[in-house]
Every structure is written in C-alpha cells, then in structure tokens.
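# What the coordinates show
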Amino acid sequence: MAAKLVGGAAVNLHSPSARKAPLKRKYGDLDFVAPSKQQASVQKLFESLGYEGDRRFNTLNGHQRLLYLDGVNGRQIDVFIDRMKMCHVIELGNRLGHDGPTLTPADLLLSKLQVYEVNMKDLVDTIALLLDHPIADHDDDAINAVYLGKLTAEDWGIYRTLQVNTARVRDAAKELDVDAGLINQRLDELATRIEATPKSLKWKLRARVGDRVSWYQLPEEVRQPYQKD
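What comes next concerns the included structure.

## Concerning the sheet that holds strand 5 (residues 75-81)
- Here 5 strands make up an open sheet; going across it, the order is 1-2-5-4-3 and the pairing mixed. What marks the edges here is a single partner per strand, and that holds for strand 1 (4-6) and strand 3 (52-53).
- The strands that helix 2 (residues 39-48) touches are strand 2 (30-34), strand 4 (65-70) and strand 5; relative to strand 4, the one it contacts most, it runs at about 10°.

So, in structure tokens, the structure goes:
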C-alpha cells in the first residue's frame, strides 16, 4: 500500500537528529497521505486495526480526507487523499510510489514550511530534516531541489510562504544548540536552486501583486469531539 506517513512522526523516522536533544520532542496526532485509488483499502486497513472512523466526516469528505481515532493512545489519525490542503494545496498523488514508510525529505520539508503560521514544533522538525539531508537533484535520502524549484516556479504563493518561513528557520537555528552554519548553508543552496528555476507567466503575474493580497489560507483544524489533547 502506498500510504505514507507525514508530519513530525515521519521526520522522526527519517532524521536521527529528531531523536535527540535539542530537537527531540513528543508527537501527538498521526498524519498520512494515500492515493485516491487506494482509498477503500486504506479505510479497510484502519478499521481492521481497530481504529474508529468519524463516519459522518468520512462520508462527506472521504474523497479528500479521512479521520480516525486511536482510542488506546487518544490520537487522531488524519489520512489526506492525493493532496495536503492546508495553507496551500500540495499535490502528492504522483509522489507516493517510492519505497519507505514516509513522504520524501523534500515533501516532508514542504509539508512543514507551507504552514504560514508555523510553530516551534514545525521549525524544530524542519531543522532536523536540514541537518540530516543534503540538497540534491533527487529524492534518494536528500532534499530534491529540482522538484521544489519546479513546484515553487508554478505557484508564487508557495514560493512566498517558503521564503518567509526560511527566515524563521534561520532565526530558530540561532536559538538552538545545533549547527546553524550547516542549516544556513543548505537553505542558501536550496534558495539558489529555487531562484534559478524559470518562473511561469502565472507566477510572474502573481508576483507583481505581491503581499498586497493574501496568498495563503489558514486551515480550520478538524478534531473529533472525543479526541484527547
């Protein structure tokens, strides 16, 4: 099955730095991304494992998102179908065919940095990814700058949010006992690759408007009423 783990737990699996101080942290809810063609299989899997689905939510929204409750641990499990729709829409349907239990490092990085109101947990996870993965032109245990360059060259909104959050990552790295020099080096390299990627006409037109018009959405958090915090 091509369902892939995303979020902090996925970063923990992919990045040794996330398992030790100062980046070690607790993880709550679990998030997955699955292809639409396997939606029925995903539902059967979680139900067979004893997870309780939010039947009303899943009936209404199952084409794009499924919710389950881990009653033993009090965790909510979110399964995004084909795409993550948060501050931006990240299409992932064609990014799930690789081996391994998680999204690629580039997609994990993107899932964190596309959140405009990024919190310290997101910044800590991003720093762990950058410490443990070089910038490259492939997804083999590296952050794929070619992929991120093409994605941001088509969508000025994602480009701008990553630009804002990159500065926040740099500031957070200064405050933590980590190799801030390496973080800055890899962010510089990624930024150089992104800037060098030719931009689409749509991107250029939106860039003219700039920050005068909001370029992101603030997602409404969906939680089951009996979810434990």
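## Brief notes about the layout of surface pockets
- In this structure, the largest pocket encloses a volume near 1,000 Å³.
- Lining the largest pocket are 32 residues, with Asp31, Met86, Asn119, Asp122 and Glu221 sitting closest to its centre.
- Going through the elements one at a time, helix 1 (8-14), strand 5, strand 6 (83-85), helix 4 (105-113) and helix 5 (120-132) are the ones with two or more residues in the lining of the largest pocket.
- Residue contributions to the lining of the largest pocket peak at 3 residues, all from strand 5.
- Of the residues that constitute the lining of the largest pocket, the class distribution is 11 nonpolar, 6 polar and 15 charged.

## Considering the pattern of salt bridges
- Evaluation of the coordinates by the stated rule reveals 10 salt bridges.
- With a shortest N-O distance of 2.7 Å, Asp125 and Arg25 are connected by a salt bridge. Of this pair, Asp125 sits in helix 5 while Arg25 sits in the loop between helix 1 and strand 2, placing them 100 residues apart in sequence.
- With a relative accessible area of 1%, Asp125 lands in the buried category.
- Three or more residues joined by partner-sharing salt bridges are found here, namely Arg25, Lys112, Asp122 and Asp125.

## Quick notes on the packing of helix 5 against helix 7 (residues 156-175)
- Across the interface, helix 5 lies against helix 7 with an axial gap of 10 Å and an inter-helix angle of 85°. One way to sum up the angle between helix 5 and helix 7 is to call them roughly perpendicular. Residues Met120, Leu123, Thr126, Ile127 and Leu130 of helix 5 form the contact with helix 7, whose participating residues are Arg168, Val169, Ala172 and Ala173.
- When the residues that make up the contact of helix 5 with helix 7 are grouped by side-chain class, the tally is 7 nonpolar, 1 polar and 1 charged.

## Overview of helix 4
- Among the 9 residues in helix 4, 9 count as buried, and that is most of the element.
- The set of residues buried in helix 4 consists of Pro105, Ala106, Asp107, Leu108, Leu109, Leu110, Ser111, Lys112 and Leu113.

## Some thoughts on the nonpolar core
- If you look at the biggest cluster of nonpolar residues, it comprises 63 residues, and the most contacted ones within it are Val79 and Ile127.
- Ranked by the residues each element gives to this core, the list is headed by helix 7, at 8 residues.
- With residues near it in sequence (within four places) discarded, Ile127 still touches Leu23, Val169, Ala172, Ala173, Leu176, Val178 and Ile183.

## Considerations on the packing of aromatic side chains
- This structure, assessed with the given rule, holds 8 aromatic pairs.
- Ring centres 5.7 Å apart and planes at 65° place the aromatic pair Phe32 and Phe46 in the edge-to-face group. Taken together, the positions of Phe32 in strand 2 and Phe46 in helix 2 put the pair 14 residues apart, joining distant regions of the chain. No difference in accessibility class separates Phe32 from Phe46, as the two residues are buried.
- Measuring from centroid to centroid gives 5.2 Å for Phe46 and Tyr68, while their planes differ by 20°, and the two rings are stacked. Placement of Phe46 in helix 2 and of Tyr68 in strand 4 is noted, with a sequence separation of 22 residues between them.
- Look at Phe46 and you get buried, because its relative accessible area is 7%.

## Topic: unusual backbone geometry
- Cis geometry is adopted by the peptide bond preceding Pro22, which originates at Ala21 and carries an omega value of 5°.
- Along the chain, Pro22 turns up in the loop between helix 1 and strand 2.
- In the Ramachandran plot, Asp82 falls in the positive-phi region, its phi being about 70° despite a non-glycine side chain.
- Within the secondary structure layout, Asp82 lies in the loop between strand 5 and strand 6.
- Owing to a relative accessible area of 16%, Asp82 belongs among the buried residues under this scheme.
- Residue Asp141 is not a glycine yet carries a positive backbone phi of 55°.

Conventions we followed
- Within each chain, residue numbers correspond to sequence positions counted from 1 in written order.
- In view of the model being predicted, local features appear only for residues whose pLDDT reaches at least 70, and side-chain atom pairs are presented and counted only at 80 or more, with totals across whole chains, interfaces and linings using the full set of residues.
- Side-chain metrics in this entry use all non-hydrogen atoms of the structure; hydrogen atoms and water are not considered.
- Pairing between strands is defined by DSSP: at least two bridges between the two strands are required.
- Segments assigned H or I by DSSP are reported as helices when at least four residues long, segments assigned E as strands when at least two residues long, and all are numbered from the N terminus.
- Contact between two residues is taken to exist if any of their heavy atoms lie within 4.5 Å; hydrogens are not considered.
- For helices, the fitted axis covers only the stretch in contact; all axes are lines through C-alpha atoms, and the angles between them, taken along N-to-C directions, range from 0 to 180 degrees.
- Points on a 1 Å grid over protein atoms alone make up a cavity when a 1.4 Å probe fits among them but cannot get out, and a pocket when they form an open set with protein on both sides within 12 Å along at least five of seven lines; lining residues each have an atom within 4 Å of a point.
- Grid points are joined across faces, edges and corners, and a volume is the space filled by probe spheres set on the points.
- Asp, Glu, Lys and Arg are counted as charged, while Ala, Val, Leu, Ile, Met, Phe, Trp, Tyr, Cys and Pro are counted as nonpolar; the rest, among them Gly, fall into the polar class.
- When a carboxyl oxygen of Asp or Glu is within 4 Å of a side-chain nitrogen of Lys or Arg, the pair counts as a salt bridge.
- For each residue, the accessible area found with a 1.4 Å probe, counting protein chains only, is set against the maximum for its type, and the residue is called buried under 20%, exposed over 50%, and partly exposed in between.
- Working definition: roughly parallel below 35 degrees, roughly antiparallel above 145 degrees, roughly perpendicular at 65 to 115 degrees, and oblique for all remaining angles.
- We define a nonpolar core as any set of buried Ala, Val, Leu, Ile, Met, Phe, Trp, Tyr and Cys residues linked to one another through side-chain atoms lying within 4.5 Å.
- Note on ring pairs: Phe, Tyr and Trp rings are taken, using the six-membered ring of Trp, and paired if centres are within 6.5 Å. Classes follow the plane angle, with under 30 degrees stacked, over 60 edge-to-face and the rest tilted.

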